[in-house]
Structure formats: C-alpha cells, structure tokens
Amino acid sequence: SLVEIRRAIKDAIPPMPDVIVNLRSPKEGPPVGSPIIIRVLGRDNTSLEMLARRADQVEQLLRTIPGTFDVKSDFRLRPEFVVKPNRMQASLFGVTAEQIGISINFALEGVDAGEVDFGGDDEIDLRIRNQAADRDQFEDLTNLPLLGSTGKRVIIEQVADVQRTRSANIIR
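Quick caveat, the model's predicted, so the values are computed rather than measured.

J.: I would appreciate a short explanation of the overall build of the protein chain in the present structure.
T.: Of the regular secondary structure elements, the protein chain holds 6 helices and 8 strands. In the protein chain, the succession of helices and strands from N to C terminus is α-β-β-α-β-α-α-β-β-α-β-β-α-β. Its C-alpha atoms put the protein chain at 70 × 50 × 25 Å along the principal axes. By residue count, 24% of the 172 residues in the protein chain fall in the buried class. Taking all contacts inside the protein chain whose residues are at least 6 apart in sequence as the whole, residues at least 24 apart take part in 51%. Accessible surface for the protein chain amounts to roughly 12400 Å². Of this, 51% is attributable to carbon and sulfur atoms.

Now the structure itself:
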C-alpha cells in the first residue's frame with residue numbers, strides 16, 4: 001500500500017546533516033503525477049554540488065525499494081554566465097554597468113520592437129535579437145561589442161569579468 005511504501009522510504013533514507021529530506025503525498029484532486037513526492041532541500045551552508053550529490057543518493061536509494069517505480073529527479077545544474085562589470089576599466093571607455101547589462105540582455109533575450117497588425121485580431125509581436133548562432137557560445141558573449149560615451153568601441157571582456165558557471169534549474 002501507499003502507506004507501507006512511504007514508511008519504507010522514510011526508514012530507508014539515512015540522516016543527512018547537510019540537507020533536509022521532505023516526504024509528502026499530494027492532497028486534493030484526482031490522482032495526477034507521483035503519489036509520493038520527495039524534496040531534498042539544502043541548508044544555508046549547503047553547496048549546490050552537495051545538494052546535487054544528496055539528491056542523486058536519494059534517487060538511487062529509492063530505486064532499490066520494492067514497490068517504487070518511475071523514480072525521477074527534476075534537479076539539474078544548468079549552464080549559466082555570470083557577468084561582473086569592472087567599473088574602473090569600464091569608466092575608461094565611458095561604459096556603465098547598466099550598459100553592459102542591457103547589451104547582454106538585448107543580445108540574449110532580444111528587445112521588443114513593437115507589433116505588426118495584419119488587420120482584425122491578427123497581431124504579431126516583433127522581437128529583435130542576435131541570431132542563435134551568434135549568442136550560443138561563451139565567446140559570443142565575451143566578444144559582444146559596446147560603444148562607450150567616448151566614442152570608443154570595446155568588447156564585453158574588456159570591461160567585465162565573464163565566467164561560466166552552473167546553477168540549479170529550480171530554487172524555491
């Protein structure tokens with residue numbers, strides 16, 4: 001029964017001092033998704049890497065418990081760029097931290113350029129951004145050109161430190 005499986009899961013998960021393991025079942029409504037949901041939560045000093053290891057340990061442990069099936073985790077570390085403006089260097093070129101941020105956002109996400117009205121209810125939003133081939137690589141971001149107030153053209157890596165990192169796909 002579900003109660004027995006919950007008890008077996010609770011008994012099988014060893015104490016993990018660096019994380020909190022919550023076990024619950026969805027309450028109301030028709031049965032949708034998993035009958036048991038387990039959340040592995042980091043404490044204040046738990047690194048993402050440790051959280052990932054603990055989530056993987058719990059997932060592997062669940063696979064060994066009789067009666068469990070479709071065990072899966074939604075925890076993923078995804079690639080991310082961290083851009084830290086070098087304010088002193090940027091000021092030499094007449095570039096602000098705000099310009100750096102806006103330029104990166106425009107290059108990756110685009111800028112809303114309005115709508116095209118085809119008459120009636122047919123409107124299409126227009127967004128202008130770099131082509132996918134020009135925004136998918138680390139070098140594309142570091143080589144993004146900026147025009148400073150001095151009239152000099154610089155690239156992002158001249159006025160900011162850009163690092164590749166990984167972060168959790170969901171932080172609650």
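Resuming the write-up.
J.: For this particular structure, what's the right way to read the environment of L108?
T.: Mapped onto the elements of the fold, L108 is located in helix α4 (residues 97-109). By relative accessible area, L108 is classed as partly exposed at 26%. Between the C-alpha atoms of L108 and A132, which are 24 residues apart in sequence, the distance is 8.7 Å.

J.: Teacher, can you tell me more about the environment of K152 here?
T.: You can see K152 is positioned in the loop between β6 (145-147) and β7 (153-155). Since its relative accessible area comes to 48%, K152 is described here as partly exposed. Once you skip the residues sitting within four places of it in the chain, K152 turns out to touch F93, L146 and L147.

About the criteria used
- Here, residues in each chain are numbered from 1, in the same order as that chain's written sequence.
- This being a predicted model, a pLDDT of at least 70 is required before a residue's local features are given, and a value of 80 or more before pairs of side-chain atoms are given or counted; all residues contribute to the totals for chains, interfaces and linings.
- Neither water nor hydrogens contribute to the side-chain values; these are computed over all heavy atoms in the structure.
- Helical segments are the DSSP runs of H or I of at least four residues, strand segments are the runs of E of at least two, and each set is numbered from the N terminus.
- Exposure categories follow from relative accessible area, calculated using a 1.4 Å probe and restricted to protein chains: below 20% of the type maximum is buried, above 50% is exposed, and the middle band is partly exposed.
- In what follows, residue pairs with any heavy atoms lying within 4.5 Å of each other are defined as contacts.
- Calculation of accessible area relied on Shrake-Rupley with a 1.4 Å probe; when residues are assessed, cover is drawn exclusively from the protein chains displayed.

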